[in-house]
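An overview of the molecular structure
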Amino acid sequence: MPAVSADSAREKRAAARAAAALAEDGMTVGLGTGTTELIPALGERRLAITCVATSPASEELARASGLDVRPFTDIDRLDLAIDGADQVDPAGWLIKGGGGAQTRERIVAAAADRFVVIVSSDKVVERLRPPVPLELHAFGVAATLRALPDAVLRAAPPTPDGGVLADYCGDVGDPVALSAALCATPGVVSHGLFPPSLVSTILVARGDEVTARAVG
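To keep things clear, this report deals only with the structure shown in the data block. Residue numbers here run from 1 along each chain, matching the order of that chain's written sequence. Where local features are concerned, this predicted model is filtered to residues with pLDDT of at least 70; where side-chain atom pairs are given and counted, the filter is 80 or more; whole-chain, interface and lining totals use all residues. Side-chain metrics in this entry use all non-hydrogen atoms of the structure; hydrogen atoms and water are not considered.

All buried positions along helix H2 (residues 38-45) are accounted for by Leu38, Ile39, Ala41, Leu42 and Gly43. Should any heavy atoms of two residues lie within 4.5 Å, those residues are considered in contact. Numbering of helices and strands starts at the N terminus; helices are DSSP runs of H or I of at least 4 residues and strands are runs of E of at least 2. On the buried face of H2, the contacting elements are helix H1 (6-20), strand E1 (28-31), helix H3 (56-64), strand E4 (80-83) and strand E7 (115-120). Downstream of H2 by one or two residues, arginine 46 has phi in the positive range, about 55 degrees. Exposure is judged per residue with a 1.4 Å probe applied to protein chains only, and the accessible area is read against the type maximum: over 50% gives exposed, under 20% gives buried, and values in between give partly exposed.

Right, here's the structure in full:
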């Protein structure tokens, strides 16, 4: 993955602090894989919250930060989910999944009453561009790739749920149409196009200033 500039890292920390301030005692909170700056900020607040994590790395960091992390098996809804994004367009469409956890991130976002996205200013784009991360079934993966000639396998280990990671490298064009086409392709478990209807708020940091943009 590309190196993160000092300015981008500073902005991500500012957005993370703003998002951490949204959590309250008694909440159930989903922690996305793109929340490495958020998790310590949440831990510092010492709130009585219950968390679910979208990746083993996020779970490990959350536990090390003193957060109560539970399996996402018996919890059927979340008060709040917070995650990052690789790209955000003017309509509120996201590309997520650079860390390979888009399937779990989508499940957590959909289960939350409020899904908040935190990004640095460089993640805001006029038009979504490739790649779009994919998770594929291992069974029949060659056939799935044949149906998606613009997809290439990623040099990465299987997901925690046994999926194969790939990237769609064709033109994104209309995200509504591409999302529907990817969802309709047998063998595609999930993709990294997240619609505006899934998003409540996007927190964008520019320098030390954070602006909140309501979406869904």
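Following the structure, the description resumes.
Further remarks concern the pairing of E7. Counting buried positions along E7 gives six out of six residues, so the element sits mostly inside the fold. In E7, alternate side chains face the same way, and those of Phe115, Val117 and Val119 on one face and Val116, Ile118 and Ser120 on the other are all buried. Here, strands pair whenever DSSP counts at least two bridges between them. Where E4 and E7 come together, three bridges link them in parallel fashion. By the bridge assignment for E7, alanine 81 is matched with phenylalanine 115. Alignment of E7 against strand E13 (residues 201-206), held across five bridges, turns out to be parallel. By the bridge assignment for E13, valine 119 is matched with valine 204.

Let us now look at unusual backbone geometry. One can expect most non-glycine residues to show negative phi and most peptide bonds to be in trans. Residue proline 131 is reached from proline 130 by a cis peptide bond, and omega for that bond is 10 degrees. Structurally, the position occupied by proline 131 is in the loop between E7 and strand E8 (132-136). Positive phi, close to 55 degrees, is recorded for arginine 46, a residue that is not glycine. Along the chain, the position of arginine 46 falls in the loop between H2 and strand E2 (50-53).

Here H1 crosses H2 at 40 degrees, and the two axes come no closer than 8 Å. As summarised for this structure, H1 and H2 are arranged oblique, according to the angle between their axes. Considering how the two elements wind past one another, H1 and H2 form a crossing that is right-handed. From H1, Ala16, Ala19 and Ala20 reach across to H2, where they touch Leu38, Ala41, Leu42 and Arg45. Note on residue categories: nonpolar means Ala, Val, Leu, Ile, Met, Phe, Trp, Tyr, Cys or Pro, charged means Asp, Glu, Lys or Arg, and polar means any other residue, Gly included. Classifying every residue of the contact of H1 with H2 by side-chain character gives six nonpolar, no polar and one charged. A fitted line through C-alpha atoms represents every axis, and for helices the fit uses only the stretch in contact; the resulting angles, taken between N-to-C directions, go from 0 to 180 degrees. Reported orientations rely on four angle classes, namely roughly parallel under 35 degrees, roughly antiparallel over 145, roughly perpendicular from 65 to 115, and oblique for the rest. In this scheme, a crossing is called left-handed if the near helix is turned counterclockwise away from the far one by less than a right angle; it is called right-handed if the turn is clockwise.

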